[in-house]
Amino acid sequence: QLSEDQVNAPVVFHSASSVGYDRYNFIRQSLGAAVSNHELFIELQPQYESDGSMVCAEALVRWQHPQLGLITPAEFIPIAEESDAIVEIGQWVMNECGKLLYECNKSGLRTRLSINISAKHMARADFSEKMLAVIAHWNIPNGSLTIELREAALIGSFALVRTSMKELADKGVSFSIDHFGSGNLNLSYLRDLCIKEVKLDRHFIDEEGENGAQSPLLNSIFDIAKIFELRTVAEGIENNTQFNDAIKRGCHVFQGYFLDKPLNVRDWRAKLPVK
Ligand code: C2E
Ligand code: MG
Ligand code: MG
């Protein structure tokens, strides 16, 4: 247990130091109550096509911790993944996104949302049942929801994940592979699973900047996307050069600080086109 002074002190995460260790444990302990205490919230980062139309937004969770302040998902999601907290958080995000889609539809605003689901959550036997319940509860139209999975989610519990994906795809849910090319995905999964889209990690885009248009790794990633007829989303676009490179590469969708930072719900809604 931390003293009040320790909790209120500005803490920097140094994994090797005792402060880092305390912060890690403190986060781990307080994760359990984050959902029930309404400490989580969502920001939405728009995704655009090259003609400037906003086609989707990625839902990104944040945690306003009562003592530690704002905590990024990069810090708390890996800790949540060590326990069932990740399932509770994922379920909360699913429901919150269902509610947002419902409210947008009611107001005549057109949008789609993309949510991140952890491998551990996806591997739960009741995942598709829970997701379908959210879809039914909020009356989510076909084609309004994408689930982003990391390659790791497709490697464990393959048969189960495949069944869940099929059930959800039948109800109009799309699947996207986040950080595509950074894991060791068996390419036949792209053929056998109902995957529609891949997201290219920002370090690939950066590599393009460093190596010019001929990055062999990036070439082969785009070849794979083409062969499997996958939509490509370029992530982490921070400047005009990266944006133009991604357009030249034939990417279909673009996301990054250059286009929009993750926005709060109100600012995101203000940008949505009317149906
Ligand atoms: P991700 O799914 O790849 O999300 C993209 C991350 O890149 C987000 O960080 C976003 O804010 C950041 N980003 C967007 N544009 C740019 C850019 O131009 N430059 C740079 N440097 N960064 C950019 P964020 O929100 O901190 O999320 C980090 C990761 O945490 C996510 O990576 C995702 O893996 C995970 N995450 C976020 N929300 C959730 C969630 O609801 N559930 C789960 N399971 N994971 C989540
Ligand atoms: Mg993502
Ligand atoms: Mg991503």
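Rules used throughout
- Residues numbered from 1 in each chain as written.
- Chains lettered and ligands numbered in written order.
- Predicted model: local features only at pLDDT ≥ 70, side-chain atom pairs only at ≥ 80, totals over all residues.
- Heavy atoms only, no water.
- Helix = DSSP H or I, 4+ residues; strand = E, 2+ residues; numbered from the N terminus.
- Polar contact = N/O pair within 3.5 Å; in protein donor to acceptor, adjacent residues only side chain to side chain.
- Salt bridge = Lys/Arg side-chain N within 4 Å of Asp/Glu carboxyl O.
- Buried < 20%, exposed > 50% of the residue type's maximum accessible area, 1.4 Å probe, protein only.
- Donors = N, O, S within 2.8 Å, 3.2 Å for Na, K, Ca; no water.
- Axes fitted to C-alpha atoms, helices over the stretch in contact; angles between N-to-C directions.
- Parallel < 35°, antiparallel > 145°, perpendicular 65-115°, else oblique.
- Left-handed = near helix turned anticlockwise from the far one by under 90°.
- Contact = heavy atoms within 4.5 Å.
- Nonpolar A, V, L, I, M, F, W, Y, C, P; charged D, E, K, R; others polar.
- 1 Å grid on protein atoms, 1.4 Å probe; cavity = no way out; pocket = protein on both sides within 12 Å on 5 of 7 lines; lining within 4 Å.
- Points joined across faces, edges and corners; volume = space filled by probe spheres on them.
- Pairing = 2+ DSSP bridges.
- Right-handed = clockwise from strand over helix to strand, strands pointing away.
- Phe/Tyr/Trp six-rings, centres within 6.5 Å; stacked < 30°, edge-to-face > 60°.
- Lys NZ or Arg CZ within 6 Å of the ring centre and 35° of its normal.

- For the protein, the name recorded in an unreviewed UniProt entry is EAL domain-containing protein, with Alteromonas stellipolaris as its organism.

## Notes on the side chain of Glu 75
Here comes step 1: Relative to the helices and strands, Glu 75 is located in helix H3 (residues 73-80).
Here comes step 2: Of the polar contacts made by the side chain of Glu 75, one reaches the side chain of Arg 23; its length is 2.7 Å.

## Points about the pattern of salt bridges
Here comes step 1: With the rule as written, the count across this model stands at 13 salt bridges.
Here comes step 2: Here Glu 197 makes a salt bridge to Arg 231, at a shortest N to O gap of 2.7 Å. Residue Glu 197 is found in strand S7 (residues 197-200), and its partner Arg 231 is found in strand S8 (residues 231-234); the two are separated by 34 residues along the sequence.
Here comes step 3: Overlapping salt bridges, with partners in common, bring together Glu 58, Glu 148, Lys 199 and Glu 235 in one network.

## A short note on unusual backbone geometry
Here comes step 1: Of note in this structure, Asn 139 is not a glycine but carries a positive phi near 55°.
Here comes step 2: In this structure, Glu 229 takes a positive phi of about 55° despite not being glycine.
Here comes step 3: For Glu 229, the position within the fold is in the loop between helix H10 (216-227) and S8.
Here comes step 4: Taking the relative accessible area as the measure of exposure, Glu 229 reaches 72% and is therefore exposed.

## A word on the coordination of the magnesium ion (ligand 2)
Here comes step 1: The protein atoms that coordinate the magnesium ion (ligand 2) are Glu 58 (OE), Asn 116 (OD1), Glu 148 (OE) and Asp 178 (OD), at distances spanning 2.0 to 2.2 Å.
Here comes step 2: Expressed as a motif, the donor residue spacing for the magnesium ion (ligand 2) is E-x57-N-x31-E-x29-D.
Here comes step 3: Between the magnesium ion (ligand 2) and the magnesium ion (ligand 3), both coordinated by Asp 178, there is a metal-metal distance of 3.4 Å. A residue pair is termed long-range when its members are at least 10 positions apart, and Asn 116 in strand S4 (residues 113-116) and Asp 178 in strand S6 (residues 173-180) qualify at 62 residues.
Here comes step 4: For Asp 178, a relative accessible area of 6% puts it in the buried group.

## Notes on the packing of helix H6 (residues 127-137) against helix H7 (residues 158-170)
Here comes step 1: Relative to each other, H6 and H7 sit at 20°, their axes nearing to 9 Å. In terms of orientation, H6 lies roughly parallel with respect to H7. Once H6 is placed against H7, the crossing between them reads as right-handed. Across from Phe 127, Ser 128, Met 131 and Leu 132 in H6, the residues of H7 making contact are Ser 164, Glu 167 and Leu 168.
Here comes step 2: Residues of the contact of H6 with H7, tallied by class, amount to four nonpolar, two polar and one charged.

## Details of the layout of surface pockets
Here comes step 1: One number sums up the size of the largest pocket: a volume of about 1200 Å³.
Here comes step 2: Along its surface, the largest pocket is lined by 44 residues, and Leu 60, Pro 73, Asn 116, Arg 150 and His 179 are the ones closest to its centre.
Here comes step 3: With five residues, strand S2 (residues 54-65) is the largest single contributor of residues to the lining of the largest pocket.
Here comes step 4: When its residues are assigned to classes, the lining of the largest pocket shows 20 nonpolar, 11 polar and 13 charged.

## Remarks on the pairing of S6
Here comes step 1: Extensive coverage of S6 is indicated by the burial of seven of its eight residues.
Here comes step 2: Pairing analysis gives six bridges linking strand S5 (residues 145-150) to S6, with the strands arranged parallel. Note that in S6 the partner of Glu 148 across the bridge is Ser 176.
Here comes step 3: The handedness of the S5 to S6 crossover, carried by H7, is right-handed.
Here comes step 4: Two elements, S6 and S7, share three bridges in a ladder whose sense is parallel. Within S7, the position partnered with Ser 176 by the bridge is Glu 197.

## What to know about the side chain of Lys 199
Here comes step 1: By the element assignment, Lys 199 lies in strand S7.
Here comes step 2: In this structure Lys 199 touches Gln 47, Glu 58, Glu 148, Ser 176, Ile 177, Asp 178, His 179, Phe 180, Val 233, Glu 235 and Gln 255, once residues within four positions along its chain are discounted.

## Re the packing of aromatic side chains
The geometry of two aromatic rings is summed up by the distance between their centres and the angle between their planes.
Here comes step 1: The full count for this structure, using the stated rule, is five aromatic pairs.
Here comes step 2: Centre to centre, the rings of Phe 158 and Tyr 189 are 4.4 Å apart; their planes meet at 15°, and the pair counts as stacked. Note that Phe 158 is positioned in helix H7 and Tyr 189 in helix H8 (residues 188-192), a separation of 31 residues in sequence.
Here comes step 3: When its relative accessible area of 13% is taken as the criterion, Tyr 189 is described as buried.
Here comes step 4: Plain terms: the ring middles of Phe 243 and Phe 258 are 5.9 Å apart, the flat faces sit at 55° to each other, and that makes the pair tilted. Taken as a pair, Phe 243 in helix H11 (residues 240-248) and Phe 258 in the loop between strand S9 (253-254) and helix H12 (265-270) lie far apart in primary sequence, 15 residues in all.
Here comes step 5: For Phe 243, a relative accessible area of 15% gives the class buried.
Here comes step 6: Ring-pair connections join several aromatic residues into one group, and the members of that group are Phe 243, Phe 254 and Phe 258.
Here comes step 7: Here Lys 261 stacks its cationic end above the ring of Tyr 257, 5.0 Å away from the centre of that ring.

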